[in-house]
Amino acid sequence: MIETVLRSEDLPVGDRFEWWREFTSHSLAPTEITSDHADDFRACARQLDLGAVQVAVLSYPSLRSRRSPALVRRSDPELYHLALTLRGRQSISHCGRDALVGVGDLLLYDTTHPWDASAFPDNDGPVEGIVVNVPRAAIPLPAAKVDRLLGALLPGDTGMGALLAQFLTRLAPESDTCRPQDAIRLGGLTVDLITAFLAHHTDTEDGVPPESRHQTLMVGIHSFIERNLGDPHLSPGAVAGSHHISVRFLHKLFQAQGVTVNAWIRQRRLERCRRDLADPQLADKTIGFLATRWGFVHASEFTRAFRRAYGIPPSTYRQEVLHSQQCTDGQLRLGDLAI
């Protein structure tokens, strides 16, 4: 995946604010930005390039951002911006609406209409959020109906909003495990989720293509499985029932991904166990305890499954990983002493 991390601390103090203005104008849309922290602007941006879709995870101090009618006339990339606030608060005036956005809220705005927005932290920390850039033409819904949501506060803690917010917050931290060819697929999935979210709020679900509905359903199913991996009774029947679909249809959805439901559940459980086995803070926990924690009823069953998946028993894996970490820590300490 094409990922870029930018930090103002890597620049001279006098260049930091100008860098941020140029960065936001290039990656979002040309705007006029002012800030009380312009003399020493401390910000960070992590960008994910998912083909037609770009995702930016941003951290910055209080500021004001204005996109004037003149700037709209000068340049319009015709993008929707969907923003999720993770820390701090924001206010925006856009398309005749005023909204005060808090943590967990979603906001849709676009480059085709002017806006006047301010961001400010609740405490001494920075404002943090995620912004997704989606071409207006990529959303297969009536533009007139979608535009009714511009500048309006949209909940990110229930229903489709919660599902979309969970996806976005997990996307950036796990992007380093994705391959470059995954980027286009993740971009398509992001568009499908946003389309389903907007369709829900515009009563246009019938206009969502079946493929998008299936993709959105699968995100919800995967999220449900992740939350319930520790339940030894997690089964295709439980998954299907929670989403009001038949077990047969559930198997069909997973068949399109080239994996069975049970195989997916087992794979995710093994991945969680492998992560815990490599965690030094869990070194005092028995392997049986960790296996039970993630839904394996019998320790022998877990050992066989782990060995089939990774080629070595869990005890050997744990010993090798923790030993490697200790050696690395020792080298770092020796390096510090040499300095």
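Residues numbered from 1 in each chain as written. Predicted model: local features only at pLDDT ≥ 70, side-chain atom pairs only at ≥ 80, totals over all residues. Heavy atoms only, no water.

Asks: Hey, could you run me through the pairing of strand β4 (residues 53-60) in this one?
Replies: Each regular strand displays side chains that alternate between the two surfaces of the sheet. Extensive coverage of β4 is indicated by the burial of six of its eight residues. Sheet topology note: the strand β3 (residues 44-50)/β4 ladder contains seven bridges and is antiparallel. Across the sheet, L48 pairs through a bridge with V55, a residue of β4. Here β3 folds back onto β4, and the loop between the two strands holds two residues, one of which, G51, carries a positive phi near 80 degrees. Of the pairings in the sheet, the one linking β4 to strand β11 (residues 127-135) comprises seven bridges and is antiparallel in character. Paired with V55 across the two strands is V132, which belongs to β11. (Buried < 20%, exposed > 50% of the residue type's maximum accessible area, 1.4 Å probe, protein only. Helix = DSSP H or I, 4+ residues; strand = E, 2+ residues; numbered from the N terminus. Pairing = 2+ DSSP bridges.)

Asks: Help me understand the sheet that holds strand β5 (residues 63-67) in this model?
Replies: Two modes of strand pairing occur in sheets, parallel and antiparallel, and in both the strands are linked by backbone hydrogen bonds. An order of β2-β5-β10-β7-β8 is seen for the five strands of this open sheet, with the pairing classed as antiparallel. Edge positions in the open sheet fall to β2 (32-34) and β8 (97-101), since each of these has one partner strand only. Pairwise comparison of adjacent strand axes, ignoring direction, gives a mean angle of 10 degrees for this sheet. Across five bridges, the pairing between β5 and strand β10 (residues 115-120) is antiparallel. (Axes fitted to C-alpha atoms, helices over the stretch in contact; angles between N-to-C directions.)

Asks: Where do I start with the pairing of β11 in this structure?
Replies: Of all nine residues in β11, seven are buried, a share of seventy percent or more. The pairing of strand β6 (residues 79-87) with β11 spans eight bridges and is classified as antiparallel. Each residue of the ladder has a partner; that of R87, found in β11, is E128.

Asks: What am I meant to see in the packing of helix α4 (residues 159-171) against helix α5 (residues 182-202) here?
Replies: Each packed pair of helices is defined by two parameters, the angle between the axes and the distance between the axes. Following both chains from N to C, one finds α4 and α5 inclined at 155 degrees, their axes separated by 9 Å at the closest point. One finds that α4 runs roughly antiparallel with respect to α5. The handedness of the crossing between α4 and α5 comes out as left-handed. On α5, the residues touching M160, G161, L163, L164, F167 and L171 of α4 are L186, L189, T190, L193, I194, A196, F197 and H200. In terms of residue class, the contact of α4 with α5 is made up of 11 nonpolar, three polar and no charged. (Parallel < 35°, antiparallel > 145°, perpendicular 65-115°, else oblique. Left-handed = near helix turned anticlockwise from the far one by under 90°. Contact = heavy atoms within 4.5 Å. Nonpolar A, V, L, I, M, F, W, Y, C, P; charged D, E, K, R; others polar.)

Read these as layout, nothing more, since geometry by itself doesn't imply function.
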